[in-house]
Amino acid sequence: MSGISKTTEGLTVHAPTTHPASAGTPTVLQTADFLGGHRVSVLIPCLNEQENLKHVLPLIPAWVHEVVLIDDHCTDDTAGEALRIMPSIRVVENHRRGGKGNALRTGSEAATGDILVQVDADGSEDPAEIHSFVAALLTGADYAKGSRFVQGGGTSDMPPLRKWGNWALVGVVRTLWRGTQFTDLCYGYNAYWKRVAPLLLDAEGFDIETVMNLRAVRAGLKIAEVPSFEAERIHGEGKLLTFPDGWKVLKAIVRERRAGRTLTAPAGAEVRA
Ligand SMILES: Nc1nc2c(ncn2[C@@H]2O[C@H](COP(=O)(O)OP(=O)(O)O)[C@@H](O)[C@H]2O)c(=O)[nH]1
Ligand SMILES: [Mg+2]
């Protein structure tokens, strides 16, 4: 696994990674100039991910303003390992009940950047893609959602049953919200302006991404889909349970539909008809 280094010109050199999405791609030179003064906070929700952090943290672009790791009542040494790998990391304890959604809420409140990017800690998502998510926001989107099912995206981490379930749930959403063009629904790689975070982040567990997507639709936010590749987690077992979590997602869709079509977007969000 390659790291990140600074050249004498102050350019940040991103060496090719071993993630399947970017392995073998040429070295990319990026400066913070494209950010136009905006600050990016990367949120990493963690439930016992000590073994995986060495495959994620060193690959985060150096132009990221801060990395906020949310320690969700971990029983391993996730926090200690994170600080050893990246001494500048901010470790925040989830003061809410456990759950990925609750952890992201806690992390978003602690973040000081105006752009938030959420990245899983299990090594399945390539930090080199952070750039595409941020670029989507800087070119006009309020919310940039990752998709494994648009051209340029993919997954090697979804058994057929889960793929089918995700596809069926996408179909339900596209039927209930006519005109919605989503190609993916339950994927954890997303970015948004901090000002819209309170509107989007309103679920406790693995239904969080679905709720974020639907809240963005209901509020008329400008949504961009960003192609993303999801690999298998590197160490440990995934915590998502196909049937209980699929059921939770379906209930979230019904709840959001019943709540009505419109929501007031936070000030500053560009609202489309
Ligand atoms: N904070 C927190 N993070 C969680 C929880 N469950 C999962 N995660 C994190 O969410 C990310 C995705 O989890 P994972 O189990 O790989 O789900 P999958 O990729 O959807 O199968 C990882 O970074 C996990 O550590 C939780 O209850 N709390
Ligand atoms: Mg995973």
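Provided above is the structure to which this section pertains.
Here we summarise the structure given alongside this text.

Criteria and thresholds
- Residues numbered from 1 in each chain as written.
- Chains lettered and ligands numbered in written order.
- Predicted model: local features only at pLDDT ≥ 70, side-chain atom pairs only at ≥ 80, totals over all residues.
- Helix = DSSP H or I, 4+ residues; strand = E, 2+ residues; numbered from the N terminus.
- Buried ≥ 20, exposed ≤ 12 C-beta atoms within 10 Å, placed from the backbone.
- Contact = placed C-beta atoms within 7 Å.
- Axes fitted to C-alpha atoms, helices over the stretch in contact; angles between N-to-C directions.
- Parallel < 35°, antiparallel > 145°, perpendicular 65-115°, else oblique.
- Nonpolar A, V, L, I, M, F, W, Y, C, P; charged D, E, K, R; others polar.
- Pairing = 2+ DSSP bridges.
- Left-handed = near helix turned anticlockwise from the far one by under 90°.
- Near = placed C-beta within 6 Å.

## Focus on the overall build of the protein
Then comes step 1: Looking only at helices and strands, the protein features 7 helices and 12 strands.
Then comes step 2: For the protein, buried positions account for 44% of its 273 residues.
Then comes step 3: Long-range pairs, those at least 24 residues apart, make up 74% of the contacts in the protein between residues at least 6 apart in sequence.

## Some words on helix 6 (residues 208-218)
Then comes step 1: In terms of residue burial, helix 6 counts as a mostly covered element, since 10 of its 11 residues are buried.
Then comes step 2: Taken residue by residue, helix 6 has Ile208, Glu209, Thr210, Val211, Met212, Asn213, Leu214, Arg215, Ala216 and Val217 as its buried positions.
Then comes step 3: Buried-residue contacts for helix 6 involve helix 2 (100-110), strand 8 (143-147), strand 10 (190-193), helix 5 (197-200), strand 11 (223-227) and helix 7 (242-258).

## Some points on the packing of helix 4 (residues 160-176) against helix 7
Then comes step 1: The interhelical angle for the contact between helix 4 and helix 7, taken along N-to-C directions, is 5°, at an axis separation of 11 Å. It follows from the interaxial angle that helix 4 and helix 7 lie roughly parallel. For the pair helix 4 and helix 7, contact is made by Leu161, Arg162, Gly165, Leu169, Val172, Val173 and Leu176 and by Thr242, Gly246, Val249, Leu250, Ile253 and Arg257, respectively.
Then comes step 2: Across the contact of helix 4 with helix 7, the residue classes tally to 8 nonpolar, 3 polar and 2 charged.

## Things to note about the sheet that holds strand 5 (residues 66-71)
Then comes step 1: Strand order across the open sheet formed by 7 strands is 6-5-4-7-10-8-11, with mixed pairing between neighbours. The sheet is open, and its two edges are formed by strand 6 (90-93) and strand 11, each paired on a single side. Each strand of the sheet is rotated relative to its neighbour by a mean of 20°, with strand direction disregarded.
Then comes step 2: In this structure, strand 8 lies alongside strand 10, joined through 3 bridges in antiparallel fashion. Within strand 10, the position partnered with tyrosine 143 by the bridge is tyrosine 192.

## Observations concerning the packing of helix 6 against helix 7
Then comes step 1: For the pair helix 6 and helix 7, the least separation of the axes is 10 Å and the interaxial angle reads 20°. Overall, the two elements helix 6 and helix 7 adopt an arrangement that is roughly parallel. The hand of the helix 6/helix 7 crossing is right-handed. The residues of helix 7 that touch helix 6, namely those facing Thr210, Val211, Leu214 and Arg218, are Val249, Ala252, Ile253 and Glu256.

## Things to note about the site of ligand 1
Then comes step 1: In the neighbourhood of ligand 1, 20 residues make up the surrounding shell, with Asp72, Ala103, Ala121, Gly238 and Lys239 lying closest.
Then comes step 2: Broken down by secondary-structure element, the contributors of at least two residues to the shell around ligand 1 are strand 4 (40-46) and helix 2.
Then comes step 3: Looking at the shell around ligand 1, its residues break down into 7 nonpolar, 6 polar and 7 charged.

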